[in-house]
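Observations on the model geometry
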Amino acid sequence: METQKFKLALIQMKGEATNDQNLSNAVEKVKRAASAGADVVVLPEMFSCPYKASNFPIFAQEDGGANWQKLSETAAKNGIYLVAGSMPEREGKNIYNTSYVFDRQGKQIAKHRKMHLFDCDLPGGANFHESDTLSAGNQVTVFDTEFGKMGLMICFDIRFPELSRLMIEKGARMIIVPAAFNMTSGPAWWEIMFRTRATDNQVYMAGCAPARDEKAGYVAWGHSIVVDPFGKIIQQLDEKESILYEDIDLARVEEFRSQYKILKSRRLDIYQLTEK
C-alpha cells in the first residue's frame, strides 16, 4: 500500500423525473469531481429514479445493463473509484436497492444490496414501505482499494450496529453510505448515526445524500457528511446541490485506535459477533 491518503467527493444532487436525466446529471458531476482531483467519488441513494417504492420496479435494470455500462465507462474515462450511489436492480422476479463500485479501470469491484428495508408508518398517515417492492440483500460488503479497505452500506443499514462491526472485522477503515434520510429522520438521527458508528468502530464514516427537492414526493434531508474515527464531523453540506470534497488519510484510523483502545478492549472471551 503506497499511500492511504486520497480525495473523497460526495455528490449531492437532485433527482429528475427520468433515468436518462439522472444518469446524465450524475456523469457530468462525476467528471467535475474528477477534474477537481477526486480519487473516490460517491453518488446518492437511488440517484437514478424518483424515490418512491412503486417506481423501483419501473426503473430497475439488470446487472450489467445500460446504467451499469455507463457508470463503468465513466469510472474508467475519469480514472477514479466510483461508488455509484444506488439504483434499482432486477434479478428475475426480485428488485433490489443496489450499489455498484467500479475501480479506476471501470472494473466492478463490489456490489451491495441494501440489507435492511425501510418501512415506516408515521402519525398523520405518512408511510413508506420499501418492502412492498424490494427484496433484501444478504451480503456484508467490504472492498479493496489502493488506499485500504472500505465498507459499503445503504441508508437504513446504518441503523444496525452489527453490520458496521462486521465490516470492521473484515478490515474496513472507512464505511461509505449512500443514504436518503427524510425530513423527519434527518434532523433527528442523521448526525447521531454517523457519529455513533464512527465512534463505536473508530472508523471514517461518509454519507452521500440527495439534495433536497421540496416538490418531490419524498423530500430528502440532504446534509452529506464526513465523520472522523474520533466521532468529529469534519465536513457537512446543507440541503442544496453541491459536491463535498474532503482529503482523507486512512492511516489516522490506526492513530485513533492506538490512543483509545476501544476495539482492543472488547471482551471476546464473553461475546462475539459472527457472520452466518
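Residues numbered from 1 in each chain as written. Predicted model: local features only at pLDDT ≥ 70, side-chain atom pairs only at ≥ 80, totals over all residues. Heavy atoms only, no water.

Attention now moves to the overall build of the protein chain. Per the secondary structure count, the protein chain includes 6 helices and 16 strands. Relative to the compact-globule value of 19 Å for 276 residues, the protein chain shows a C-alpha radius of gyration of 18 Å, a close match. Counting only C-alpha atoms, the protein chain reaches 50 × 45 × 35 Å along its principal axes. Within the protein chain, the proportion of its 276 residues that are buried is 53%. Considering only intrachain contacts with a sequence separation of at least 6, the fraction spanning at least 24 residues in the protein chain is 68%. Surface exposure of the protein chain reaches about 12300 Å², of which carbon and sulfur atoms provide 48%. Where the 34 positive side-chain charges of the protein chain centre and where its 36 negative ones centre are 2 Å apart. (Helix = DSSP H or I, 4+ residues; strand = E, 2+ residues; numbered from the N terminus. Rg over C-alpha atoms; globule rule 2.2 N^0.38 Å. Buried < 20%, exposed > 50% of the residue type's maximum accessible area, 1.4 Å probe, protein only. Contact = heavy atoms within 4.5 Å. Areas by Shrake-Rupley, 256 points an atom, 1.4 Å probe, with all protein chains shown as cover. Lys, Arg positive; Asp, Glu negative; His and termini not counted. Charge placed at Lys NZ, Arg CZ, Asp CG, Glu CD.)

For the rest of this paragraph, the subject is the packing of aromatic side chains. Considering all chains together, one arrives at 12 aromatic pairs under this definition. Here Y51 and F56 contribute two aromatic rings whose centre-to-centre distance is 5.7 Å and whose plane-to-plane angle is 80°, an arrangement assigned as edge-to-face. Of the two residues, Y51 and F56, both sit in the buried class. Among the aromatic residues, ring-to-ring pairing joins F6, Y81 and F147 into one connected group. The cationic tip of R113 hangs over the ring face of Y96; the distance from NZ or CZ to the ring centre is 3.8 Å. (Phe/Tyr/Trp six-rings, centres within 6.5 Å; stacked < 30°, edge-to-face > 60°. Lys NZ or Arg CZ within 6 Å of the ring centre and 35° of its normal.)

The terminal C-alpha atoms of helix 3 (residues 66–78), which comprises 13 residues, lie 18 Å apart, in line with the 18 Å expected from a rise of 1.5 Å per residue. At its buried positions, helix 3 is contacted by helix 1 (19–35), strand 3 (61–62), strand 4 (81–83), strand 5 (87–91), strand 6 (94–102) and strand 7 (108–113). Positive phi shows up at G79, right after helix 3, with a value of about 60°. (Expected span 1.5 Å × (residues − 1).)

The next point concerns the packing of helix 1 against helix 3. Helix packing for two helices is described by the angle between their axes and how far apart those axes are. Helix 3 packs onto helix 1 with a crossing angle of 15° between their chain directions and a minimal axis gap of 10 Å. The orientation of helix 1 relative to helix 3 falls into the category roughly parallel. Read as a crossing pair, helix 1 and helix 3 show a hand that is right-handed. Residues N19, L23, V27, V30, K31 and A34 of helix 1 pack against N67, K70, L71, T74 and N78 of helix 3. Considered class by class, the residues forming the contact of helix 1 with helix 3 number 5 nonpolar, 4 polar and 2 charged. (Axes fitted to C-alpha atoms, helices over the stretch in contact; angles between N-to-C directions. Parallel < 35°, antiparallel > 145°, perpendicular 65-115°, else oblique. Left-handed = near helix turned anticlockwise from the far one by under 90°. Nonpolar A, V, L, I, M, F, W, Y, C, P; charged D, E, K, R; others polar.)

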